[in-house]
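# Chain and residue survey
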Amino acid sequence: CDFAEEGPMIHFFNRETLYCGGSMKTFVQIRNILENHHIPYRYTVRNRMTQWAGRGTMRGRMGSAGQMNPQEEYEIFVHKKDREKAAYLVKREAGD
């Protein structure tokens, strides 16, 4: 997701992780803060149960019943030059 048309392009070599975790609530909250302050970002969502773990996927080997850990992992990236400002705003507005 590129939120803003203007501003620097966010590529693998010029981005830094702002958030990585399993909370969808925190993920959405941080995205809203970035959008409100017009800070461009990208994000990825990975399903941990579809990752390969030796012989087959984690879900195939372990099943999904009784799973305590979140299945989704959310990661938000910002441009390196915006990392400090974004971290400050998230801490101030989200209280993390």
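Look above for the structure.
A few points on the structure. (Residues numbered from 1 in each chain as written. Predicted model: local features only at pLDDT ≥ 70, side-chain atom pairs only at ≥ 80, totals over all residues. Heavy atoms only, no water.)

### Things to note about the packing of aromatic side chains
Geometrically, a pair of aromatic rings is defined through the distance of the ring centres and the angle of the planes. Following the criterion strictly, the structure yields three aromatic pairs and no others. With a centroid separation of 5.3 Å and an interplanar angle of 70 degrees, the aromatic rings of Phe 27 and Tyr 43 are classed as edge-to-face. Taken together, the residues Phe 27 in helix 1 (residues 24-36) and Tyr 43 in strand 2 (residues 41-47) connect sequence positions 16 residues apart. For Phe 27, a relative accessible area of 5% puts it in the buried group. Counting every residue linked through ring pairs, the aromatic cluster contains Phe 27, Tyr 41, Tyr 43 and Tyr 74. (Phe/Tyr/Trp six-rings, centres within 6.5 Å; stacked < 30°, edge-to-face > 60°. Helix = DSSP H or I, 4+ residues; strand = E, 2+ residues; numbered from the N terminus. Buried < 20%, exposed > 50% of the residue type's maximum accessible area, 1.4 Å probe, protein only.)

### Topic: the pattern of salt bridges
Inspection of the entire model under this criterion finds four salt bridges. The salt bridge partner of Glu 73 is Arg 46, with a shortest N-O separation of 2.8 Å. A residue pair is termed long-range when its members are at least 10 positions apart, and Glu 73 in strand 3 (residues 72-79) and Arg 46 in strand 2 qualify at 27 residues. The class of Glu 73 is buried, set by a relative accessible area of 17%. Here Glu 75 and Arg 46 are joined by a salt bridge, their closest N and O atoms 2.8 Å apart. Note that Glu 75 is positioned in strand 3 and Arg 46 in strand 2, a separation of 29 residues in sequence. Assessed through its relative accessible area of 29%, Arg 46 is described here as partly exposed. Salt bridges here are not isolated pairs; linked through shared partners, they connect Arg 46, Glu 73 and Glu 75. (Salt bridge = Lys/Arg side-chain N within 4 Å of Asp/Glu carboxyl O.)

### Some remarks on the packing of helix 1 against helix 3 (residues 83-94)
Direction vectors running N to C along helix 1 and helix 3 enclose 120 degrees, while the axes themselves pass 10 Å from each other. When you trace helix 1 past helix 3, the crossing you get is right-handed. Of helix 3, the residues touching helix 1 (which contributes Gln 29, Ile 30, Ile 33 and Leu 34) are Ala 86, Leu 89, Val 90, Glu 93 and Ala 94. Classifying every residue of the contact of helix 1 with helix 3 gives seven nonpolar, one polar and one charged. (Axes fitted to C-alpha atoms, helices over the stretch in contact; angles between N-to-C directions. Left-handed = near helix turned anticlockwise from the far one by under 90°. Contact = heavy atoms within 4.5 Å. Nonpolar A, V, L, I, M, F, W, Y, C, P; charged D, E, K, R; others polar.)

### Some points on helix 1
The end-to-end C-alpha separation of helix 1 is 18 Å, in line with the 18 Å expected for 13 residues at 1.5 Å each. Every buried residue belonging to helix 1 is among Thr 26, Phe 27, Ile 30, Arg 31, Ile 33 and Leu 34, and all of these are buried. Viewed end-on, helix 1 has its buried residues packed into an arc of 160 degrees, placing them on one side of the element. Across helix 1 from its buried face, at more than 90 degrees, point the exposed residues Met 24, Lys 25 and Asn 36. Buried residues along helix 1 sit against strand 1 (15-21), strand 2, strand 3 and helix 3. Following helix 1 by one or two positions, His 38 has its phi on the positive side, about 55 degrees. (Expected span 1.5 Å × (residues − 1). Arc of directions from axis to C-beta.)

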